[in-house]
Amino acid sequence: MSEEELRATVATATHDLSNVLGAVLNYTTFLAEDLAGSGGAPEYLPHLQSAAERALTLVTGLAAALAGDAERD
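All values reported here derive from a predicted model rather than from experimental measurement.

About the cut-offs
Residues numbered from 1 in each chain as written. Predicted model: local features only at pLDDT ≥ 70, side-chain atom pairs only at ≥ 80, totals over all residues. Heavy atoms only, no water. Helix = DSSP H or I, 4+ residues; strand = E, 2+ residues; numbered from the N terminus. Rg over C-alpha atoms; globule rule 2.2 N^0.38 Å. Buried < 20%, exposed > 50% of the residue type's maximum accessible area, 1.4 Å probe, protein only. Salt bridge = Lys/Arg side-chain N within 4 Å of Asp/Glu carboxyl O. Contact = heavy atoms within 4.5 Å.

Asker: So what exactly am I meant to see when it comes to the overall build of the chain here?
Answerer: For the chain, the helix and strand inventory stands at 2 helices and 0 strands. Compactness check: the chain gives a C-alpha radius of gyration of 17 Å against a globular reference of 11 Å for 73 residues, more than 25% above the reference. When the backbone C-alpha atoms are referred to their principal axes, the chain occupies close to 55 × 15 × 15 Å. Within the chain, the fraction of its 73 residues that count as buried is 15%.

Asker: Would you mind showing me how to read the pattern of salt bridges here?
Answerer: Applying the stated criterion to the full structure yields 1 salt bridge. With its nearest N and O atoms 2.5 Å apart, the salt bridge here joins Arg7 to Glu3. With Arg7 and Glu3 both in helix H1 (residues 3-35), this residue pair falls 4 residues apart, about one helical turn.

Asker: Where do I start with the side chain of Thr14 in this structure?
Answerer: Positionally, Thr14 belongs in helix H1. We classify Thr14 as buried; its relative accessible area is 8%. For Thr14, the residues in contact, after removing those within four places along its chain, are Val59, Leu62 and Ala63.

Geometry only, nothing functional implied.
This is the structure:
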């Protein structure tokens, strides 16, 4: 695999992973709203949201690093 192909693959993967993490964050928000005031497990949702946000930050950083490398070439 050439460097260009690798960059394209990583760019696609970071985009796709960002979409998945965005869905996780959205649905945890919806779930928190639905469970508000119930005896469900809403106390666990902030941990899930935090983990997804950290993962999204990592993916965003990876995409930015990839873009920065491409600009330097």
